[in-house]
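So you can see what is in the structure, the chains are spelled out below.
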Amino acid sequence: MEVKKLSISWQFLIVLVLILQILSALDFDPYRVLGVSRRATQADIKKAYKKLVRKWHPDKNKHPQAEDKFIEISKAYEILSHEEKRSEYDIYGHGRENQDHPRRHEHRFRQYPGNFYFEESFMHFPFGSEHQESIDERHLLHFSYYVNKVVPDSFKKPYLIKITSDWCFTCIHIEPVWKEVVEELEGLGVGIGVVHAGYERRLARHLGAHSTPSIIGIINGKISFFHNAVVPENLRQFIESLLPGNLVEKVTNKNYVQFLSGWQQENKPHVLLFDKIPVIPLPFKLTAFAHKDCFLFGYVYVGLRGVEEMTRQYNVNVHVPTILVFKEYLNKPADVIQAPHMKKEVIDDFITQNKYLLATRLTNQKLFQELCPVKRSHRQRKYCVILLTPEAAKSSQPFEAFLSFAQANAQDTLRFMHAYSNRQPEFANAFLPDSETFRGKSAVSILERRNMGGRVVYKTLEDPWTGSESDKFILLSYLEQLRKDSTLLSSEAVLPDLIDELAPIFLIRWLFSASAYIADWLEDLYYNNWREMIPLLSLAFSAIFVLFGTFIIQAFCDSNYDRESKHPDKRKAQEKSGKTMPSFTKESTRMPKKGFVEVTELTDVTYISNLVRLRPGHMNVVLILSNSTKTSLLQKFALEVYTFTGSSCLHFSFLSLDKHREWLEYLLEFAQDAAPIPNQYDKHFLERDYTGYVLALNGHKKYFCLFKPQKIVEEEEALGACDLDSSLPLGESRGKPGSLGPKPIKGKLSKLSLWMERLLEGSLQRFYIPSWPELD
């Protein structure tokens, strides 16, 4: 009896859950979202989708609900644009929550005809779908966010990005592994991103993702693909492989003195991690990558023989991970932190607090502005104490005394630094008087920056700095007086920008860039798939073909020249008699064969023959016009292209902007710059005037070249050019633009002949498209 009651309870629970799912599905109606009827054709659905997407795209519409509305529109179009999905929706009514899994439910019914096993259905019912969707939605990326945020951040931390889409069952299978890895790596400081290929096609194409699911890594703006099995260990190794190999140096008792002494050349603090793991931990590598510009990192494996000397010297607990920060002094660390499980936030705060040396050397203007910021309020006031010393005297008594003084008087309101007077002469001369007292000697100045233009107030010690106790006493008394009276800084100057001492020369920068490019090319050659290598291989073969073709053409030209030079008398006689040899030059091939230009309209009837199925090597030059500008633009267009009608590979057509604006705007999207997306979208997008645009369409290779009309200044519109006599014949009116209509309209095609010259030369930019869209 109890078993029967339990069975009835389970059945009631399952029925209740199914009812709730059906009710939730009723909330989402793709027909209602797109505003079409259930009998709408694919053309009606596509037209409604384009109209709504143009209105609700998040990059164009700043409404708070624009993004949700855009996703809803895309999901509705995803269902209705496929006949199979649309029929499944009409039959089963799959809605928002379960539209990704209709085939899976249908498969269960077909697998067990006549029997429905509640146990299997319950175990596979997508109760966790909302939670899984929330994980991906939290990391969803848009193109503008990727360009403006992810790419710059990739120079501080690596990114792991998953490319997914609707109806991707493999994406569902890897979801548990992805969730586990995201929770682990995100806590370590790895950036996470999810790209929906159906909604962010532009970003998916930019990343080079041709299938879903795809997992890619981004570091330093470079994209790398993950090709192994999707398991947590492989993904961890993939992230580790993205990081540079020289981030962390392995330090032992034999090289630790040399490692810690590098602060003089690198001008950076050094960080040492002591741990009992033989390999360098991934969290420490990520920390080193994030702070590589300000620190040098080393790792000490405490289980290695001979390390006991270091652990005793620095009093390190070998059973707990310990991080030491060293600055100018090697015998004692400047700061220490140790804990069994150190969180990323704690490590970052610890590293940031020790960002600079006790007396950092000023090597560039950026470092000077960070160390000595401009005073913004009385509480934020910072005084900078600078030692100006010759480079040869850095290891002498004056510098050592200044360093010990800085260590003993370290405060939040004081920053100590030094600069080489021989490397920064203009900067040093701004503080030193013109007398010979400080020539070849060290000097100390106290300054406060007042603005970003270089204005400072300062006080230079009257005598050269020797590092004696009296010098320290005088400097300390000045600093104590400065706390009470800021007018002690009585001198004023405008400092020049510091010379960047660490900037490499042009040749070295070029060599580094070339080596990095070659290394990336070799890595792509060995690790990436062939689809990603096609552009590079195409470029290489094109270069070889151009060089080989140039050599062949040059050889033929030389032979023709030799033949002509051997018979100069015969050539002159032929010219006198008017029977010159035919030469296939560019000018002769362009001689018009007819006395008129044949221009046809591009319509639904002529679209396939004049473009889609155009013979290889042929191009169709299409003029964009409207009903009001048809006559004037066609006449000017005929005059500009008349000399090119001799080529049998060129065809001429015109397209009505009033009828086919959507087709034109779809093509022009491929001629826009790739990134970044502007913040303010043009509100007059639908009112743009495309009349006068000319497209050279290659139907076989699926690309086009674009001619944009020239702008006419307002002064020329007021000159009354429209009153000129327009009754001149067509042949006589060339060179008189006013004879063909208003000058602002005809002037749009004033440079078209030059553009046609470049078109035949092959020097115009080409914009490739996946396929030719339907004209309607």
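Just so we're clear, the structure is a prediction, and the values are computed from it rather than from any experiment.

*Asks:* Sorry, what's going on with the sheet that holds strand E10 (residues 360-361) here?
*Replies:* Whether parallel or antiparallel, the strands of a sheet pair through hydrogen bonds between backbone atoms. The strand order across the open sheet built from 6 strands is E10-E12-E11-E13-E14-E15, with neighbouring strands paired in mixed fashion. Because the sheet does not close on itself, it has two edges, and the strands there are E10 and strand E15 (491-494). In terms of strand pairing, strand E11 (residues 383-389) meets strand E13 (residues 443-449) through 5 bridges, oriented antiparallel. What sits directly across from Leu-388, in E13, is Ala-443. Across the sheet, helix H22 (residues 469-484) lies against E11, strand E12 (414-420), E13 and strand E14 (455-460), angled at about 15 degrees from E13, the strand it touches most.

*Asks:* It is not clear to me how the state of the cysteines should be interpreted in this structure. Could you clarify?
*Replies:* Formally, a disulfide is one covalent bond, and it connects the sulfur atom of one cysteine to the sulfur atom of another. Following the criterion strictly, the structure yields 2 disulfides and no others. Here Cys-168 is linked by a disulfide to Cys-171, with a sulfur-sulfur distance of 2.1 Å. Taking the sign of the S-S torsion, 80 degrees for the link of Cys-168 and Cys-171, the bridge is right-handed. In this pair, the class of Cys-168 matches that of Cys-171, namely buried. Here Cys-372 engages in a disulfide with Cys-384; their sulfurs sit 1.9 Å apart. Taking the torsion about the sulfur-sulfur bond, which here is approximately 115 degrees, the covalent link between Cys-372 and Cys-384 counts as right-handed. Of this pair, Cys-372 sits in the loop between helix H19 (365-371) and E11 while Cys-384 sits in strand E11, and the two are 12 residues apart along the sequence.

*Asks:* What is the right way to read helix H20 (residues 397-408) from this model?
*Replies:* One turn of an α-helix holds 3.6 residues; hence residues three or four places apart share an orientation. End to end, H20 covers 16 Å across 12 residues, agreeing with the expected 16 Å (1.5 Å per residue, within 8%). Buried residues of H20: Pro-398, Phe-399, Ala-401, Phe-402, Leu-403, Phe-405 and Ala-406, and no others. Next to the buried residues of H20 lie helix H15 (263-266), E11, E12, E13 and H22.

*Asks:* Could you clarify how one ought to interpret helix H13 (residues 232-242) in this entry?
*Replies:* If you check which residues of H13 are buried, you get Pro-232, Leu-235, Phe-238, Ile-239 and Leu-242. The buried residues of H13 all sit within an arc of 120 degrees when viewed along its axis, so they share a single face. On the buried face of H13, the contacting elements are strand E1 (159-164), helix H11 (175-188), strand E3 (214-219), strand E4 (222-225) and helix H16 (282-290).

*Asks:* I keep staring at the sheet that holds E1 and nothing clicks. Help me out?
*Replies:* Read from one edge to the other, the open sheet built from 4 strands follows the order E2-E1-E3-E4, with strand pairing classed as mixed. With partners counted over all chains shown, the strands left at the sheet margins are strand E2 (191-196) and E4, one partner each. When the angles between neighbouring strand axes are averaged without regard to direction, this sheet yields 25 degrees. In this sheet, E2 lies alongside E1 in parallel orientation, the contact comprising 6 bridges. The partner of Ile-161 across the bridge, within E2, is Gly-193. Where H13 meets the sheet, it contacts E1, E3 and E4, and its direction lies at approximately 30 degrees from that of E3.

*Asks:* Got a minute to help me understand the pattern of salt bridges in this structure?
*Replies:* Side-chain pairs of opposite charge can arise whenever the charged atoms involved come near each other. Throughout the structure, instances matching the rule amount to 20 salt bridges. With a closest N to O distance of 4.0 Å, Lys-69 and Glu-72 form a salt bridge. Placement of the pair is Lys-69 and Glu-72 together in helix H4 (residues 66-80), with a separation of 3 residues, close to one helical turn. Take Glu-72: its relative accessible area is 16%, and that puts it in the buried class. We note a salt bridge from Arg-450 to Glu-448, for which the minimum N-O separation is 3.7 Å. Exposure remark for Glu-448: the relative accessible area of 0% places this residue in the buried category. A single salt-bridge network, built from bridges that share partners, covers Arg-361, Glu-391, Arg-423 and Glu-501.

*Asks:* How should the nonpolar core be read in this particular structure?
*Replies:* One recurring pattern in soluble globular proteins is that nonpolar side chains are buried together. The biggest cluster of nonpolar side chains holds 36 residues, and the ones touching the most others in it are Leu-160, Val-248, Val-271 and Phe-297. Leave out the neighbours within four places in its chain, and Phe-297 touches Leu-247, Val-248, Glu-249, Phe-259, Val-271, Phe-284, Thr-287, Ala-288, His-291 and Ile-351. Core analysis: the second largest hydrophobic core is formed by 25 residues, Phe-402, Leu-403, Val-444 and Leu-479 among them.

*Asks:* Help me understand the packing of helix H28 (residues 630-641) against helix H32 (residues 752-761) in this model?
*Replies:* To characterise two packed helices, one gives the angle between the axes of the helices and the distance between these axes. Two numbers describe how H28 lies on H32: the axes approach to 8 Å, and their chain directions differ by 45 degrees. With respect to their mutual orientation, H28 and H32 come out oblique. Between H28 and H32 lies a crossing of right-handed hand. Contacts between H28 and H32 involve Phe-637, Glu-640 and Val-641 on the former and, on the latter, Leu-752, Ser-753 and Met-756. In terms of residue class, the contact of H28 with H32 is built from 4 nonpolar, 1 polar and 1 charged.

*Asks:* Can you help me understand a nonpolar patch on the surface in this one?
*Replies:* Residues Phe-548, Phe-551 and Ile-552 make up a contiguous nonpolar surface patch of roughly 330 Å² in combined accessible area. Inspection of the secondary structure puts Phe-548 in helix H24 (residues 530-566).

*Asks:* Any chance you could explain the environment of Pro-244 here in plain terms?
*Replies:* Its location among the elements puts Pro-244 in the loop between H13 and strand E5 (248-250). Spatially, the C-alpha atom of Pro-244 lies 9.6 Å from that of Ile-219, the residues being 25 residues apart in sequence. Filtering out sequence-adjacent residues up to four positions away, Pro-244 remains in contact with Ile-219 and Phe-289.

*Asks:* Please explain the packing of aromatic side chains as it appears in this structure.
*Replies:* One pass over the full model with this rule turns up 19 aromatic pairs. An angle of 90 degrees between the planes, with centres 6.0 Å apart, marks the rings of Tyr-607 and Trp-663 as edge-to-face. Taken as a pair, Tyr-607 in helix H27 (residues 607-612) and Trp-663 in helix H29 (residues 661-668) lie far apart in primary sequence, 56 residues in all. For the residue pair Tyr-607 and Trp-663, the accessibility class agrees, reading buried in each case. An angle of 35 degrees between the planes, with centres 5.5 Å apart, marks the rings of Phe-704 and Phe-767 as tilted. A residue pair is termed long-range when its members are at least 10 positions apart, and Phe-704 in strand E20 (residues 703-707) and Phe-767 in strand E21 (residues 767-768) qualify at 63 residues. The pair Phe-704 / Phe-767 is uniform in exposure class, with both members buried. Three or more aromatic residues joined by ring pairs form one cluster here, namely Phe-368, Phe-427, Phe-431 and Tyr-458. The lysine or arginine in question, Arg-202, covers the ring of Phe-143, its NZ or CZ lying 4.2 Å from the ring centre.

*Asks:* When you look at the pairing of E14 in this model, what are you seeing that I'm missing?
*Replies:* Consecutive side chains along a regular strand alternate between the two faces of the sheet. Summarising burial for E14: 5 of the 6 residues are buried, a large majority. As defined by bridge partners, E13 adjoins E14 across 5 bridges and the pair is classed as antiparallel. Residue Ile-446 lies in a different strand from E14, and its bridge partner there is Lys-459. Here E13 folds back onto E14, and the loop between the two strands holds 5 residues, one of which, Gly-454, carries a positive phi near 105 degrees. As paired strands, E14 and E15 are joined by 4 bridges and run antiparallel to one another. If you follow Tyr-458 over to E15, its bridge partner there is Ser-491.

*Asks:* Looking at this structure, how should I read the packing of H20 against H22?
*Replies:* Where H20 contacts H22, the axes come no closer than 11 Å and their chain directions differ by 40 degrees. What the angle tells us is that H20 and H22 run oblique. The hand of the H20/H22 crossing is right-handed. Contacts from Ala-401, Ser-404 and Phe-405 in H20 reach Lys-472, Leu-475, Leu-476 and Leu-479 in H22. Of the residues contributing to the contact of H20 with H22, the split by class is 5 nonpolar, 1 polar and 1 charged.

*Asks:* Quick question: what am I supposed to make of unusual backbone geometry here?
*Replies:* Excluding glycine, most residues fall at negative phi; most peptide bonds, likewise, are trans. Here Thr-212 and Pro-213 are connected by a cis peptide whose omega angle stands at 0 degrees. For Pro-213, the location among the structural elements is in the loop between helix H12 (201-207) and E3. Phi is positive for Asn-220, which is not a glycine, with a value near 55 degrees. Relative to the helices and strands, Asn-220 resides in the loop between E3 and E4. Although it is not a glycine, Lys-702 adopts a positive phi angle of roughly 60 degrees. With respect to the helices and strands, Lys-702 occurs in the loop between strand E19 (694-698) and E20. For Lys-702, a relative accessible area of 31% puts it in the partly exposed group.

The rules behind the values
- Residues numbered from 1 in each chain as written.
- Predicted model: local features only at pLDDT ≥ 70, side-chain atom pairs only at ≥ 80, totals over all residues.
- Heavy atoms only, no water.
- Pairing = 2+ DSSP bridges.
- Helix = DSSP H or I, 4+ residues; strand = E, 2+ residues; numbered from the N terminus.
- Contact = heavy atoms within 4.5 Å.
- Axes fitted to C-alpha atoms, helices over the stretch in contact; angles between N-to-C directions.
- Disulfide = S-S within 2.5 Å.
- Buried < 20%, exposed > 50% of the residue type's maximum accessible area, 1.4 Å probe, protein only.
- Expected span 1.5 Å × (residues − 1).
- Arc of directions from axis to C-beta.
- Salt bridge = Lys/Arg side-chain N within 4 Å of Asp/Glu carboxyl O.
- Core = buried A, V, L, I, M, F, W, Y, C linked by side-chain atoms within 4.5 Å.
- Parallel < 35°, antiparallel > 145°, perpendicular 65-115°, else oblique.
- Left-handed = near helix turned anticlockwise from the far one by under 90°.
- Nonpolar A, V, L, I, M, F, W, Y, C, P; charged D, E, K, R; others polar.
- Patch = residues over 30% accessible without salt bridge, like charges linked within 9 Å, V, L, I, M, F, W, Y side chains within 5 Å.
- Areas by Shrake-Rupley, 256 points an atom, 1.4 Å probe, with all protein chains shown as cover.
- Phe/Tyr/Trp six-rings, centres within 6.5 Å; stacked < 30°, edge-to-face > 60°.
- Lys NZ or Arg CZ within 6 Å of the ring centre and 35° of its normal.

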